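Structure assessment
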Amino acid sequence: MYKVKVFVTLRESVLDPQGTAVKDSLHSLNYSEVSDVRIGKYMELSIEKSDRPVEEVVKEMCERLLANVVIEDYRFEIEEAVAQ
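Figured I'd write up the structure that's included with this text. (Residues numbered from 1 in each chain as written. Predicted model: local features only at pLDDT ≥ 70, side-chain atom pairs only at ≥ 80, totals over all residues. Heavy atoms only, no water.)

Thoughts on the overall build of the protein
The helix and strand inventory of the protein stands at 2 helices and 3 strands. The C-alpha radius of gyration of the protein comes to 17 Å, more than 25% above the 12 Å expected for a compact globule of 84 residues. Dimensions of the protein along its principal axes, counting C-alpha atoms only, are 50 × 35 × 15 Å. A sequence separation of at least 24 residues applies to 70% of the contacts in the protein between residues at least 6 apart. Accessible surface computed for the protein: about 6300 Å², of which carbon and sulfur atoms make up 51%. (Helix = DSSP H or I, 4+ residues; strand = E, 2+ residues; numbered from the N terminus. Rg over C-alpha atoms; globule rule 2.2 N^0.38 Å. Contact = heavy atoms within 4.5 Å. Areas by Shrake-Rupley, 256 points an atom, 1.4 Å probe, with all protein chains shown as cover.)

Laid out in structure tokens, this is it:
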């Protein structure tokens, strides 16, 4: 069993209006030291071992469903879960 953490963010070249709204709100609350905010998605997956390498499976899932690869970047971390 694997625990996979997937992080999806907008590409740097894509405008992030939600991030801009959060930054402006932080400034209005006197957090002027915040210079930029980018909003993204975080997912945790539990994946059973199979014949395919887990890296291959996760990459395929990200590219087919979890991220819009036209406007988003993704990265993932894989941990082998300890049996209980």
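Now that the structure has been shown, the text picks up again.
Observations regarding the packing of aromatic side chains
The final tally for this structure, using the stated rule, is 2 aromatic pairs. With 5.1 Å between their ring centres and 45° between their planes, Phe7 and Tyr42 make a pair best called tilted. Taken as a pair, Phe7 in strand β1 (residues 2-10) and Tyr42 in strand β2 (residues 40-47) lie far apart in primary sequence, 35 residues in all. Pairing Tyr74 with Phe76 gives two aromatic rings, centres 6.4 Å apart and planes at 10°, and the pair type is stacked. Note that Arg75 overlies the ring of Phe7, its terminal NZ or CZ placed 4.0 Å from the centroid. (Phe/Tyr/Trp six-rings, centres within 6.5 Å; stacked < 30°, edge-to-face > 60°. Lys NZ or Arg CZ within 6 Å of the ring centre and 35° of its normal.)

Things to note about helix α2 (residues 54-66)
With 13 residues, α2 extends just 15 Å between its outermost C-alpha atoms, more than 12% less than the 18 Å of an ideal straight helix rising 1.5 Å per residue. Its buried side turned inward, α2 meets β1, β2 and β3 (72-80). (Expected span 1.5 Å × (residues − 1).)

Some remarks on the sheet that holds β3
Taken in spatial order, the 3 strands of this open sheet run β2-β1-β3, and their pairing is antiparallel. At either end of the open sheet lies a strand with only one pairing partner, and these are β2 and β3. In this sheet, neighbouring strand axes are inclined to one another by 15° on average, regardless of whether the strands run parallel or antiparallel. On top of the sheet, α2 reaches β1, β2 and β3; it is set at about 150° to β3, its chief contact. (Pairing = 2+ DSSP bridges. Axes fitted to C-alpha atoms, helices over the stretch in contact; angles between N-to-C directions.)

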